[in-house]
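Residue strings, one per chain:
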Amino acid sequence: MGEESELGSGETGGWGFDTRAVHVGQAPDPRTGAVVPPITLSTTFAQDGVGGLREGGYEYSRSGNPMRSAVEECLASLEGADHGFSFASGLAAEDVLLRAALPSGGGVVLGNDAYGGTYRLIDKVFRPAGHPWWAADLTDPAGLDEAFPEGASIVWLETPTNPLLTCIDIEAIADVAHRHGAMVVVDNTFATPYLQTPLALGADVVVHSATKYLGGHSDVVGGFVATSDAELAGTLRFLQNATGAVPSPFDLYLLLRGVKTLGLRMDRHCSNARAVVDLLVGHPAVRRVRYPQLPDHPGHAAAARQMRDFGGMVSFEVADEESALAVVARTELFTLAESLGAVESLIEHPARMTHASAAGSALEVPPGLVRLSVGIESPNDLVADLAAALDSLG
Ligand SMILES: *Cc1c(COP(=O)(O)O)cnc(C)c1O
């Protein structure tokens, strides 16, 4: 394992977010002075005698790699966590986290519009292995408290949720979960640590699809887990090595390069989303706009309290599935594609695309729903593109 660098998260509590994004885990290379941490492709590392790892040295790249240490230190610092773990995808991170945190037979309370892949992992992989799960309306902490499922050891929440962008009061849910002896996992993919730090609000673990805003350029798949629970961290470290779903050094390099501009990008995603929301709110073809900044949005008050700004994701409903399919087919700048959180704007139809696996379940989404990932392009161009597609509905 690599030693904590001199810019390790422990000594940087005083730095602002953007300073930590650029510098933590990324001190100039002590040998060459390289300002950018070099990618170490070597799978194995010379040892000074049997069992003699070099000072600050590594052993084998599944168990540890310098670029992985850099990413883990930096992202843990951004989440305000003592420990961070990188994985080859968001779902690999979730898989290891569930294995680490679920006791034998323990179950999961899952917010009722969770990411489709999370639902699939919990329902199709962990339920058959003896871990029950329950869908819950996490906008109602008192209701959860009254009907807290016996045997639930994790409450798993997203805020804002995907794709309905409902916002959940992290502090209130953490209070309820902890009263019932359960731990709280927050999927912070949509907000990112720039907009929201769940551990500071009482959550026990944060999980990310780093594929989205953290990477931010649609060119790397990755996952991340952050926690300050030392015992859980030990299990995560063990399973990261034992199950081996680790990212490559080049993927980690791309991720770290993306993270440096996270704050800048998020500010632009948020302001562009506002421009798009202004158009949607006034458009006759739009039945309902879902954006956490809107005063009538479910959880607006929680979002205003716990988020720095309201994010780059916007969902809206048109009359029916046919109209939704027409809109997503007619935009030009907004590319029809799954995924989200990168510099280019994307549009998709959750019921038939990202959330198709939830059809017929408690997590099914409305057929007229369209989801936007608003990118960092010039706002006027985005608004004009969307207006043209909506106007064509007649
Ligand atoms: C994409 C996504 C995931 C899964 O991450 P992958 O990197 O695709 O494995 C989990 N949660 C949310 C909210 C996501 O958007």
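This is a predicted model, so every value here is computed, not measured.

Caption draft 1: Molecular detail of the side chain of Asp113. You can see Asp113 is positioned in the loop between strand E2 (107-111) and helix H4 (116-126). As a buried residue without a salt bridge, Asp113 has its nearest oppositely charged side chain in Arg290, at a separation of 6.4 Å. A distance of 2.7 Å separates a polar atom in the side chain of Asp113 from a polar atom in the side chain of Thr161. In contact with Asp113, other than residues within four places in its own chain, are Glu158, Thr161, Asn162, Pro163, Leu164, Thr166 and Leu363.

Caption draft 2: Spotlight on the site of the ligand. Contacts to the ligand come from 14 residues, most closely from Gly90, Asp187, Ser209, Thr211 and Lys212. Gly90 is positioned with one of its backbone polar atoms (N or O) 2.9 Å from an oxygen atom of the ligand. Within the complex, 92% of the 380 Å² of free accessible area of the ligand lies under protein. For the shell around the ligand, the leading source of residues is helix H3 (residues 90-101), giving three residues.

Caption draft 3: Geometry of the packing of aromatic side chains. Counted under the stated rule, the structure contains four aromatic pairs. Residues Phe17 and Tyr194 carry aromatic rings whose centres are separated by 5.2 Å and whose planes lie at 65 degrees to one another, so their mutual orientation is edge-to-face. Taken together, the residues span a long stretch of sequence, with Phe17 in helix H1 (residues 17-23) and Tyr194 in helix H7 (residues 192-195) at a distance of 177 residues. Summarising the burial analysis for this pair, Phe17 and Tyr194 share the class buried. For the pair Phe250 and Tyr253, a centre-to-centre distance of 6.0 Å together with 25 degrees between the ring planes defines the contact as stacked. Taken together, the residues span about one helical turn, with Phe250 and Tyr253 both in helix H9 (residues 249-259) at a distance of three residues.

Caption draft 4: Up close: the sheet that holds E2. An order of E1-E7-E6-E5-E4-E2-E3 is seen for the seven strands of this open sheet, with the pairing classed as mixed. A single partner strand is all that each edge strand has here, and the edge strands are strand E1 (83-87) and strand E3 (133-136). Within this sheet the neighbouring strands show an average axis-to-axis angle of 20 degrees, counted without direction. Direction of pairing for E1 relative to strand E7 (residues 223-227): antiparallel, over a ladder of five bridges. Bridge assignment links Phe85 to a residue of E7, and that residue is Val225. Relative to E1, helix H2 (residues 66-78) is tilted by about 130 degrees, and along the sheet it contacts E1 and E7. Sheet strands in contact with H4 are E2, E3 and strand E4 (152-158), and its direction is about 155 degrees off that of E2.

Procedures and definitions
Residues numbered from 1 in each chain as written. Predicted model: local features only at pLDDT ≥ 70, side-chain atom pairs only at ≥ 80, totals over all residues. Heavy atoms only, no water. Helix = DSSP H or I, 4+ residues; strand = E, 2+ residues; numbered from the N terminus. Buried < 20%, exposed > 50% of the residue type's maximum accessible area, 1.4 Å probe, protein only. Lys, Arg positive; Asp, Glu negative; His and termini not counted. Salt bridge = Lys/Arg side-chain N within 4 Å of Asp/Glu carboxyl O. Polar contact = N/O pair within 3.5 Å; in protein donor to acceptor, adjacent residues only side chain to side chain. Contact = heavy atoms within 4.5 Å. Near = heavy atom within 4 Å. Areas by Shrake-Rupley, 256 points an atom, 1.4 Å probe, with all protein chains shown as cover. Phe/Tyr/Trp six-rings, centres within 6.5 Å; stacked < 30°, edge-to-face > 60°. Pairing = 2+ DSSP bridges. Axes fitted to C-alpha atoms, helices over the stretch in contact; angles between N-to-C directions.

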